[in-house]
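Examination of the molecular architecture
This is what each chain is made of:
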Amino acid sequence: MLTIKSVLRVLLAIFMITAGTLHWVTPDPFVKIVPSFLPYPLALVYISGVFEILGGVGLLVPPVSQAAAWGLIALFIAVFPANINMAVNRIQIDGIPDSDLLRWGRLPLQAVLIAWAWWYTKKI
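Notes on the structure follow. (Residues numbered from 1 in each chain as written. Predicted model: local features only at pLDDT ≥ 70, side-chain atom pairs only at ≥ 80, totals over all residues. Heavy atoms only, no water.)

It is worth spelling out a nonpolar patch on the surface at this point. On the surface, a nonpolar cluster with roughly 950 Å² of combined accessible area is contributed by Leu2, Ile4, Val7, Val10, Leu11, Ile14, Val57, Leu60, Val61, Val64 and Trp119. With five residues, helix α1 (residues 4–25) is the largest single contributor of residues to the nonpolar patch. By the element assignment, Val64 lies in the loop between α3 (41–59) and α4 (65–78). (Patch = residues over 30% accessible without salt bridge, like charges linked within 9 Å, V, L, I, M, F, W, Y side chains within 5 Å. Areas by Shrake-Rupley, 256 points an atom, 1.4 Å probe, with all protein chains shown as cover. Salt bridge = Lys/Arg side-chain N within 4 Å of Asp/Glu carboxyl O. Helix = DSSP H or I, 4+ residues; strand = E, 2+ residues; numbered from the N terminus.)

Look at helix α6 (residues 100–118): 28 Å from first C-alpha to last across 19 residues, which is about the 27 Å you get at 1.5 Å a residue. Residue Leu107 marks the point of greatest curvature in α6, where the axis turns by about 30°; the proline Pro108 follows within four residues. Among the residues of α6, those classed as buried are Arg103, Leu107, Gln110, Leu113 and Ala117. At its buried positions, α6 is contacted by α1, α4 and α5 (80–88). N-capping of α6 is provided by Ser99, with a side-chain oxygen placed 3.2 Å from the backbone N of Leu101. (Expected span 1.5 Å × (residues − 1). Bend = angle between axes of the 7 residues up to and from the residue. Buried < 20%, exposed > 50% of the residue type's maximum accessible area, 1.4 Å probe, protein only. Contact = heavy atoms within 4.5 Å. Polar contact = N/O pair within 3.5 Å; in protein donor to acceptor, adjacent residues only side chain to side chain.)

Attention now goes to the side chain of Ser48. Assignment of secondary structure puts Ser48 in helix α3. Note on Ser48: relative accessible area 12%, which makes it buried. Among the polar contacts listed, one links the side chain of Ser48 to the backbone oxygen of Val45, at a separation of 2.9 Å. Beyond its immediate chain neighbours, meaning those up to four positions away, Ser48 contacts His23, Leu75 and Val79.

We now examine the environment of Leu113. When you line up the elements, Leu113 lands in helix α6. Sequence-wise, Leu113 and Leu38 are 75 residues apart; in three dimensions their C-alpha atoms are separated by 23 Å. When near neighbours in sequence (up to four residues on either side) are disregarded, Leu113 contacts Leu12, Phe15 and Phe76.

Now for α4. Here α4 is 14 residues long and its end C-alpha atoms lie 20 Å apart, about the 20 Å a rise of 1.5 Å per residue gives. Each element contacted by the buried residues of α4 is listed here: α1, α3, α5 and α6.

So, about the pattern of salt bridges. Any two side chains of opposite charge can pair, on the condition that their charged atoms come close. In the structure shown here, the tally under the stated rule is three salt bridges. In this structure, Asp100 engages Arg90 in a salt bridge whose closest nitrogen and oxygen atoms are separated by 2.9 Å. One end of the pair, Asp100, is in helix α6; the other, Arg90, is in the loop between α5 and α6, with ten residues separating them in the sequence. The class for Asp100 is partly exposed, based on a relative accessible area of 30%. Asp100 is paired through a salt bridge with Arg103; the nearest N and O atoms lie 2.8 Å apart. Note that Asp100 and Arg103 are positioned in helix α6 at a spacing of three residues, about one turn of the helix. You can call Arg103 buried: its relative accessible area is 3%.

One pass over the structure, following the stated rule, counts three aromatic pairs. With a centroid separation of 4.2 Å and an interplanar angle of 20°, the aromatic rings of Trp24 and Tyr46 are classed as stacked. Placement of Trp24 in helix α1 and of Tyr46 in helix α3 is noted, with a sequence separation of 22 residues between them. Ring centres of Trp70 and Trp118 lie 5.0 Å apart, and the angle between their planes is 80°; on these two criteria the pair is classed as edge-to-face. Linking Trp70 in helix α4 with Trp118 in helix α6, this pair joins segments that are 48 residues apart in sequence. (Phe/Tyr/Trp six-rings, centres within 6.5 Å; stacked < 30°, edge-to-face > 60°.)

Spatial relationships are all this shows, so hold off on functional conclusions.
This is the structure:
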């Protein structure tokens, strides 16, 4: 049966797979926002991209969808310092309007993403 929850699961999965793919195809914008205290920013971008893709695919595979949802929650928490860094240091990304509102708006978006993934931590 097609429910809003199942449709939103697919949308979150597509969003995560797309974001993860972008980490590999165009890593430079993501590298720019990695906080300077973290080593190997390019490697971290690639690693986070892999986990975004795995989490997105995992949401669509019932035997692992719960674990994938928990993994995405951990990932959203792990990348939060990059979003803070982007906002605090006013890091401009090519192709995105230079707006403090957009940079700071990414911070509460993480809470939305965490809540969205949390919805899928229950058994199907």
